[in-house]
Amino acid sequence: MTSPNPPAYVASVDPDLAALIAKEEARQFYTAKLIPSENYASNAVMEATGTVLTNKYSEGYPRKRYYEGQQFIDPIEELAIGRAKALFGADHANVQPYSGSPANLAAYAALIKKKSENKRILALSLSEGGHLTHGHKVSVTSRFFEAHHYSVDRDTHLLDYDAIRERALEVQPAVIVCGATCYPRSIDFARFGAIAQEVGAKLMADIAHIAGLVAGGAHPSPVPYADVVTTTTHKTLRGPRGGLILSTAKMARSVDRAVFPGMQGGPHNNVIAGLAVALAEAATPAFRDYAQQTVRNSRALADALLAGGARVITGGSDNHLVLFDATSLGATGKEGAVAMDLAGLEANANTVPFDPRSPMDPSGVRIGTPALTSRGLSEAHMTLVGQWICDAVRGRDDAAELRRIREQVRDLMAAYPAPGFEGGAPDRTLLD
Ligand SMILES: *Cc1c(COP(=O)(O)O)cnc(C)c1O
């Protein structure tokens, strides 16, 4: 029902929009999507997300609703909840958060009660890989809670658990947040759990980026150690855009009340149905293979960049993400990302730890393998992609060179169709 053509009903009602959707389909299909927070949802996920379930109001939770007519909505939400609990081995799951950011805000609200005196959260700083919702000053999370940050080691750029422990002893936070939006290595959740226990803090793990790796056994799980685990559903987990909160049985009621009525109104039942499908897909052996291959590809991509002369932050990758310093290839992060985009290699500029450049024009480029791995690419392709990246960044002023790479990228993408495009390849000329 999706590709290769724009949805027929949209085309009949709104041809302008349909034309833009068709172009975006072609762009997604023929671009090497290296943004580590993006992926391709399956046709089944998108189909469930695009159903009449969007028409129903269901404030409340299964069997405790404020509206009638929930005969089929209740079992749909229960399917999603049951699958999330089973997949992650969690006592409790809330599948209603609209996305990762609202999930985090709800998690803080669940962990820090209105009247509590200690409203301190301690999280990884944004410029060293944390997320805005981890208490950055422009995020409301810093207005409602008192944000403190830990960093990575100045030399290795790895999380330094002794230093984090020191920081936690000094700050005495109510909540320690672990998890990142730009960290290329494994996170030791057991160690975070021990630190939280020692300082009497609750532990919140935000696995937005790595949820699919955790589900597929390619990254250790925080579930045994964290009071609350938050995630997006659309990154490595490959579901519809949404959020998910897992918790201990003890935190269950607080989490549910924080999401509704604390933060949200009616749940997006269509998205919850799409999530139910994605969670079923993520429980298959094929998804376990996918998660492992994503990590192998990431290692291969880091190796290829190193071979091409790039400075790779921490020297490699243990997960789905690689961060490299574009200045080592003679460009700023923004210049590098723009050149890559012209070459059909989609990424984003990002700060490197302790970046001497400004966040608006940082030194690094953040890339990752979740989307390319969903298309069936493997290590040998990553070697090629890594070379293309180095060539594109170095050759950023050479339009012919960027076009040469772009055509090679498009040929490779055409040979490895993305999930969701089973109907066939979009028209390549739409991009000209
Ligand atoms: C992406 C991300 C989020 C936010 O998710 P949205 O769905 O964009 O709101 C939160 N935390 C981390 C670590 C993320 O990477």
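What you are looking at is a predicted structure, and each value in this text was computed from that prediction instead of being measured.

1. Considerations on the overall build of the protein chain
Part 1 of the reasoning: Of regular secondary structure, the protein chain possesses 16 helices and 15 strands.
Part 2 of the reasoning: Relative to the compact-globule value of 22 Å for 432 residues, the protein chain shows a C-alpha radius of gyration of 22 Å, a close match.
Part 3 of the reasoning: Across its three principal directions, the C-alpha atoms of the protein chain cover 60 × 55 × 35 Å.
Part 4 of the reasoning: A separation of at least 24 residues holds for 72% of the contacts in the protein chain among residues at least 6 apart in sequence.
Part 5 of the reasoning: Looking at the protein chain as shown, the accessible area adds up to about 17,800 Å², and 54% of this sits on carbon and sulfur atoms.
Part 6 of the reasoning: Seen as two clouds, the 43 positive and the 46 negative side-chain charges of the protein chain have centres 5 Å apart.

2. Description of the pairing of strand β7 (residues 175–178)
Part 1 of the reasoning: Side chains of β7 alternate between two faces, with V175 and V177 and I176 and C178 buried alike.
Part 2 of the reasoning: The pairing of strand β5 (residues 120–124) with β7 spans two bridges and is classified as parallel. The residue bridging L122 from the neighbouring strand is I176, located in β7.
Part 3 of the reasoning: Two strands pair when backbone bridges link them, and β7 and strand β8 (residues 202–206) are joined in this way by four bridges, in the parallel orientation. Across the sheet, the residue bridging to V175 is K202, located in β8.
Part 4 of the reasoning: What joins β7 to β8 is helix α8 (residues 189–199), and the crossover it makes is right-handed.

3. As for the state of the cysteines
Part 1 of the reasoning: What the rule picks out here adds up to zero disulfides.
Part 2 of the reasoning: The thiol of C178 is not disulfide-bonded; the next cysteine sulfur, from C182, is found 17 Å away.
Part 3 of the reasoning: Judged by its relative accessible area of 5%, C182 falls in the buried class.

4. Some words on the domain arrangement of the protein chain
Part 1 of the reasoning: Split into domains, the protein chain comes out as domain 1 (47–282) and domain 2 (285–422).
Part 2 of the reasoning: The interface is formed by 29 residues belonging to domain 1 together with 26 residues belonging to domain 2.
Part 3 of the reasoning: Here domain 1 meets domain 2 over a buried area of about 2,300 Å², counting both sides, of which 58% is carbon and sulfur.
Part 4 of the reasoning: Looking at the side of domain 1 facing domain 2, the largest losses of area belong to P184, R185 and R238, adding up to 26% of the total buried there.
Part 5 of the reasoning: Put simply, domain 1 and domain 2 have one salt bridge between them.
Part 6 of the reasoning: As a salt-bridge pair, R185 and D318 come within 3.0 Å of each other at their nearest N and O atoms.
Part 7 of the reasoning: Taken together, domain 1 and domain 2 are joined by 13 residue pairs in polar contact (both at pLDDT 80 or more).

5. Observations concerning the site of the ligand
Part 1 of the reasoning: Inspection of the region around the ligand gives 13 residues, with S99, S101, T181, D206 and K235 positioned closest.
Part 2 of the reasoning: Taking D206, its side chain carries an N or O atom lying 2.6 Å from a nitrogen atom of the ligand.
Part 3 of the reasoning: Considering the ligand on its own, with 380 Å² of exposed area, one finds that the protein chains cover 86% of that surface.
Part 4 of the reasoning: With three residues, the single largest contributor to the shell around the ligand is helix α5 (residues 100–111).

6. Quick word on the nonpolar core
Part 1 of the reasoning: If you look at the biggest cluster of nonpolar residues, it comprises 52 residues, and the most contacted ones within it are F88, L159, I176, F192 and L246.
Part 2 of the reasoning: Two domains each provide a minimum of three residues to this core, namely domain 1 (47–282) and domain 2 (285–422).
Part 3 of the reasoning: Residue contacts for L159: discarding those within four places in its chain leaves L124, Y150, S151, V152, I164, Y183, I187 and F192.
Part 4 of the reasoning: Core analysis: the next-biggest nonpolar cluster, separate from the first, contains 34 residues, A32, V365, I405 and M413 among them.

7. Re the sheet that holds strand β4 (residues 92–94)
Part 1 of the reasoning: The strand order β4-β10-β9-β8-β7-β5-β6 describes an open sheet built from seven strands, whose pairing is mixed. The outermost strands of the open sheet, each flanked by one partner alone, are β4 and β6 (146–150). Recorded for the sheet is a direction-independent mean angle of 20° between the axes of neighbouring strands.
Part 2 of the reasoning: In terms of strand pairing, β8 meets strand β9 (residues 228–232) through three bridges, oriented parallel. Counterpart to M204 in the pairing with β9 is V228.
Part 3 of the reasoning: Of the strands in this sheet, β5, β6 and β7 are in contact with helix α7 (residues 161–171), which crosses β6 at around 155°.

8. A closer look at a nonpolar patch on the surface
Part 1 of the reasoning: A cluster of nonpolar side chains, contributed by Y57, Y66 and Y67, occupies part of the molecular surface with about 370 Å² of accessible area.
Part 2 of the reasoning: Along the chain, Y67 turns up in the loop between β3 (64–65) and α4 (73–88).
Part 3 of the reasoning: Classification of Y67 as partly exposed rests on a relative accessible area of 34%.

9. Brief notes about helix α13 (residues 333–342)
Part 1 of the reasoning: Along α13, the residues classified as buried are G333, G336, A337, A339 and M340. Burial along α13 is one-sided: seen end-on, the buried residues are contained in an arc of 165°.
Part 2 of the reasoning: Of the surrounding elements, those touching the buried residues of α13 are β12 (321–325), β13 (345–346), β14 (348–350), β15 (364–368), α15 (379–394) and α16 (399–415).
Part 3 of the reasoning: Count one or two residues on from α13 and you reach G344, which has phi positive near 80°.

10. Examining the side chain of T233
Part 1 of the reasoning: Position of T233 relative to the elements: it lies in the loop between β9 and β10 (243–247).
Part 2 of the reasoning: Its relative accessible area of 1% is what places T233 among the buried residues.
Part 3 of the reasoning: Within the local environment of T233, its side chain forms a polar contact with the backbone oxygen of P240, the two atoms lying 2.6 Å apart.
Part 4 of the reasoning: When sequence neighbours within four positions are dropped, the list of residues in contact with T233 reads R238, G239, P240, R241, G242, G243, L244 and L275.

11. Structural notes on the pairing of β12
Look at any regular strand and the pattern is simple: side chains alternate between the two faces of the sheet.
Part 1 of the reasoning: Of all five residues making up β12, five are buried, and the element is well covered by its neighbours.
Part 2 of the reasoning: Judged by which residues are buried, β12 turns out to be covered on both faces: L321, L323 and D325 on one side and V322 and F324 on the other are all buried.
Part 3 of the reasoning: One ladder, built from two bridges, connects strand β11 (residues 311–312) with β12; its direction is antiparallel. Residue pairing across strands places V312 opposite F324, the latter belonging to β12.
Part 4 of the reasoning: The pairing of β12 with β15 spans five bridges and is antiparallel. Bridge pairing in β15 links V322 to I367.

Definitions and limits used
Residues numbered from 1 in each chain as written. Predicted model: local features only at pLDDT ≥ 70, side-chain atom pairs only at ≥ 80, totals over all residues. Heavy atoms only, no water. Helix = DSSP H or I, 4+ residues; strand = E, 2+ residues; numbered from the N terminus. Rg over C-alpha atoms; globule rule 2.2 N^0.38 Å. Contact = heavy atoms within 4.5 Å. Areas by Shrake-Rupley, 256 points an atom, 1.4 Å probe, with all protein chains shown as cover. Lys, Arg positive; Asp, Glu negative; His and termini not counted. Charge placed at Lys NZ, Arg CZ, Asp CG, Glu CD. Buried < 20%, exposed > 50% of the residue type's maximum accessible area, 1.4 Å probe, protein only. Pairing = 2+ DSSP bridges. Right-handed = clockwise from strand over helix to strand, strands pointing away. Disulfide = S-S within 2.5 Å. Domains from an automatic or database assignment. Buried area = accessible area lost by both parts, 1.4 Å probe. Salt bridge = Lys/Arg side-chain N within 4 Å of Asp/Glu carboxyl O. Polar contact = N/O pair within 3.5 Å; in protein donor to acceptor, adjacent residues only side chain to side chain. Near = heavy atom within 4 Å. Core = buried A, V, L, I, M, F, W, Y, C linked by side-chain atoms within 4.5 Å. Axes fitted to C-alpha atoms, helices over the stretch in contact; angles between N-to-C directions. Patch = residues over 30% accessible without salt bridge, like charges linked within 9 Å, V, L, I, M, F, W, Y side chains within 5 Å. Arc of directions from axis to C-beta.

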